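Breakdown of the fold
Each chain is listed here by its residues.
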Amino acid sequence: DAKFGSKLDRIEGEAFRFCRSLERITIPLKDGIITADDIFRGCKKLTHVDLVEGAVLRDTIDALLLEEWKNDMKDKLGAINQSLPT
């Protein structure tokens, strides 16, 4: 597991690429924290991403390459957006 607090500004390059033991990561929810779309590629055991602080969930999810989870979250966010008054 890896846990980062609010002082983390970004995760760059291939920081966790092919980290086969990483199962859970906690990162601050900040715009631009994920700088590449392959940071978690090859992390086969990664099943939990805890996002804390902030309001840019959609952009962060898009960058994680967790397709099934990402698509599920997009569907849920879409349903929420449809039910909110405009």
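Please read all numbers here as calculations on a predicted model, not as lab measurements.

1. Notes on unusual backbone geometry
A negative phi angle characterises most non-glycine residues, just as the trans form characterises most peptide bonds. Located in the positive-phi region is Phe18, a residue other than glycine, with phi close to 60°. Its location among the elements puts Phe18 in the loop between strand S1 (2-3) and strand S2 (24-28). Given a relative accessible area of 40%, Phe18 falls into the partly exposed group.

2. Observations regarding the packing of aromatic side chains
The full count for this structure, using the stated rule, is 2 aromatic pairs. For the ring pair Phe4 and Phe16, a centre distance of 6.1 Å and an interplane angle of 65° mean the geometry is edge-to-face. Separated by 12 residues along the polypeptide, Phe4 in the loop between S1 and S2 and Phe16 in the loop between S1 and S2 bring together distant segments of the chain. The exposure class assigned to Phe16 is buried, which follows from its relative accessible area of 14%. Site record: aromatic cluster; members linked through ring pairs are Phe4, Phe16 and Phe40.

3. Focus: the confidence of the model for the protein
One rule of thumb: low pLDDT means the predicted coordinates there are not for detailed reading. Per-residue pLDDT for the protein averages 79, and the proportion of residues at 70 or more is 78%. In the model of the protein, helix H1 (residues 57-62) stands out as the element of lowest mean pLDDT, 58, in contrast to S2, which has the highest, 89.

4. A short note on the environment of Leu22
Summarising the element assignment, Leu22 is placed in the loop between S1 and S2. The exposure class of Leu22 is buried, given its relative accessible area of 4%. For the pair Leu22 and Leu46, spaced 24 residues apart in the sequence, the C-alpha separation amounts to 5.6 Å. When near neighbours in sequence (up to four residues on either side) are disregarded, Leu22 contacts Asp1, Ala2, Phe16, Phe40, Cys43, Lys45 and Leu46.

5. Remarks on the pairing of S2
The buried fraction of S2 amounts to 4 of the 5 residues, a majority that puts the element mostly inside the structure. Both S1 and S2 contribute to a ladder of 2 bridges, which runs parallel. Residue pairing in the sheet places Ala2 in a bridge with Ile25 of S2. Both S2 and strand S3 (residues 48-52) contribute to a ladder of 5 bridges, which runs parallel. The residue of S3 that forms the bridge with Ile25 is Val49.

6. Description of the pattern of salt bridges
As enumerated under the stated definition, the model contains 5 salt bridges in all. Two residues, Arg17 and Glu14, come together in a salt bridge whose shortest N-O distance is 2.9 Å. By relative accessible area, which is 28% here, Arg17 ends up partly exposed. Asp38 is the partner of Arg17 in a salt bridge, and the nearest nitrogen-oxygen pair spans 3.4 Å. Pair noted here: Arg17 is in the loop between S1 and S2 and Asp38 is in the loop between S2 and S3, with a separation of 21 residues, a long-range link. Relative accessible area serves as the criterion here: at 15%, Asp38 is assigned to the buried category. The network of salt bridges with shared partners includes Glu14, Arg17 and Asp38.

Thresholds, definitions, all that
Numbers given to residues run from 1 along each chain, matching the order in which its sequence is written. Restriction of local features to residues with pLDDT of at least 70 applies here, the model being predicted, together with a cutoff of 80 or more for giving and counting side-chain atom pairs; totals for whole chains, interfaces and linings are based on all residues. By convention in this description, side-chain values take in all heavy atoms of the structure and omit both hydrogens and water. Numbering of helices and strands runs from the N terminus, with a helix taken as a DSSP run of H or I at least four residues long and a strand as a DSSP run of E at least two residues long. Relative accessible area decides the class of each residue, using a 1.4 Å probe on protein chains only: under 20% of the type maximum gives buried, over 50% gives exposed, and in between gives partly exposed. Centre distance within 6.5 Å is the pairing criterion for rings of Phe, Tyr and Trp, where only the six-membered ring of Trp is used; planes under 30 degrees apart are then read as stacked, over 60 as edge-to-face, and the remainder as tilted. You can read pLDDT as the predictor saying how much it trusts each residue, on a scale of 0 to 100. Two residues qualify as a contact provided that any one of their heavy atoms is within 4.5 Å of a heavy atom in the partner residue. Here, strands pair whenever DSSP counts at least two bridges between them. Any Lys or Arg side-chain nitrogen located within 4 Å of an Asp or Glu carboxyl oxygen qualifies as a salt bridge.

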